[in-house]
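Structural overview
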Amino acid sequence: MAGAAKGGSGGGGKDALYADLVAQLESLLEDCPDPVARMATTAALLKDNLPAVSWAGFYLRRGDGALVVGPYQGPLACMVLPPGRGVCGAAAARRETVVVEDVHAFPGHIACDATSRSEIVVPLMKDGEVWAVLDLDSREPAAFDGTDRKHLEALAAIVARAP
Ligand code: SME
C-alpha cells in the first residue's frame, strides 16, 4: 500500500491524519522559538504517528554544504552526509522534495540503515536558501506518495517558520 501514514484505505484517511498532525504541530510549536526543540518535537510527532516510518529526523546544512544530523527518532544514523550526496544531498541541491520509491535504484543513496526501502526528503528554506532537510525513511517499498509530499511540505514549513 502506497503512503507512509496508513491512516485509512485511501488518500482521504491520510489527508485526515496529516490534517490532525498539522494542527498538533501548530499548537505544540506556537510558543517555541528554539529550532532544536521545534525539530525534536516534529521528529517525535512524525515517528510516533506514521506507522510505516522507520526513521524521522533532520539534517542541518553546514557552511561547506555538508549535512549534519540533527534531532531524530529511529535507529542510529550517519552523522555527516557529504555535499550533494544521497537523497538528502539531492533534495538540498535541487531545493525541492525528493520522493524515492526504491532506495536501491537511487544513484548515490546513503544507506544508514540497510533495511530502509523508500524515503522522502523535504528541504527547509530560509531567505531562499536550504538550511535543513526533513528526512523520513521506511522499510516498506514506495511508502511515500504525493499526498505525503504535500503534507510533509506543510509540516516542514511550520518547523521553519519563526513564531
Ligand atoms: N538515506 C539518506 C541518508 C540519511 S538516512 O536515511 C537517515 C540519504 O541517502 O541521503
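As a starting point, this report considers the structure included with it. (Residues numbered from 1 in each chain as written. Predicted model: local features only at pLDDT ≥ 70, side-chain atom pairs only at ≥ 80, totals over all residues. Heavy atoms only, no water.)

1. Observations concerning the overall build of the protein
- Per the secondary structure count, the protein includes four helices and six strands.
- Start at the N end of the protein and walk to the C end: the helices and strands fall as α-α-β-β-β-α-β-β-β-α.
- On C-alpha atoms alone, the protein measures out to a radius of gyration of 14 Å, which is about the 15 Å that the 2.2 N^0.38 rule sets for 163 residues.
- Along the longest, intermediate and shortest principal axes, the C-alpha atoms of the protein span 40 × 40 × 25 Å.
- Sequence separation of 24 or more characterises 52% of the internal contacts of the protein that already satisfy a separation of 6 or more.
- By element, 53% of the accessible surface of the protein is carried by carbon and sulfur atoms, the whole surface being about 7,500 Å². (Helix = DSSP H or I, 4+ residues; strand = E, 2+ residues; numbered from the N terminus. Rg over C-alpha atoms; globule rule 2.2 N^0.38 Å. Contact = heavy atoms within 4.5 Å. Areas by Shrake-Rupley, 256 points an atom, 1.4 Å probe, with all protein chains shown as cover.)

2. Some details on the site of the ligand
- Around the ligand lies a shell formed by Trp55, Tyr59, Ala77, Gly86, Val87, Cys88, His109, Ile110, Cys112, Glu119, Asp135 and Asp137.
- The contact in question runs from an oxygen atom of the ligand to an N or O atom on the backbone of Cys88, over 2.9 Å.
- One of the backbone nitrogen or oxygen atoms of Ile110 is found 2.7 Å away from a nitrogen atom of the ligand.
- About the coverage of the ligand: the protein hides 99% of its 300 Å² of free accessible area.
- Secondary structure elements with two or more residues in the shell around the ligand: β1 (53-61), α3 (86-94) and β6 (129-138).
- The element that contributes the greatest number of residues to the shell around the ligand is α3, accounting for three residues.
- Per-class residue counts for the shell around the ligand are seven nonpolar, two polar and three charged. (Near = heavy atom within 4 Å. Polar contact = N/O pair within 3.5 Å; in protein donor to acceptor, adjacent residues only side chain to side chain. Nonpolar A, V, L, I, M, F, W, Y, C, P; charged D, E, K, R; others polar.)

3. Considerations on the nonpolar core
- Ranked by internal contacts, the top residues of the largest apolar core, which has 26 residues, are Leu46, Leu50, Leu134, Leu136 and Leu152.
- Once residues within four sequence positions are removed from consideration, Leu152 is found in contact with Tyr18, Leu46, Ile120, Val122, Leu134 and Leu136.
- Grouped together as the second largest cluster of nonpolar side chains are 17 residues, Leu67, Ala92, Val100 and Val103 included. (Core = buried A, V, L, I, M, F, W, Y, C linked by side-chain atoms within 4.5 Å. Buried < 20%, exposed > 50% of the residue type's maximum accessible area, 1.4 Å probe, protein only.)

4. Things to note about the sheet that holds strand β5 (residues 118-126)
- Spatially, six strands are ordered β3-β2-β1-β6-β5-β4 in an open sheet, and the strand pairing comes out antiparallel. In this open sheet, the two strands that pair with only one neighbour each are β3 (80-81) and β4 (98-100).
- Sheet strands in contact with α3 are β1, β2 (67-73), β3, β4, β5 and β6, and its direction is about 35° off that of β5. (Pairing = 2+ DSSP bridges. Axes fitted to C-alpha atoms, helices over the stretch in contact; angles between N-to-C directions.)

5. A word on the state of the cysteines
- Applying the stated rule across the entire model yields one disulfide.
- With its sulfur 2.2 Å from that of its partner, Cys78 forms a disulfide with Cys112. Because the sign of the S-S torsion sets the handedness, a value of about -125° for the bond joining Cys78 and Cys112 places this disulfide among the left-handed ones. Remark: Cys112 occurs in the loop between β4 and β5 and Cys78 occurs in the loop between β2 and β3; sequence separation between them is 34 residues.
- Judged by its relative accessible area of 31%, Cys112 falls in the partly exposed class.
- The cysteine Cys88 is free of any disulfide, with Cys112 supplying the nearest cysteine sulfur at 7.6 Å. (Disulfide = S-S within 2.5 Å.)

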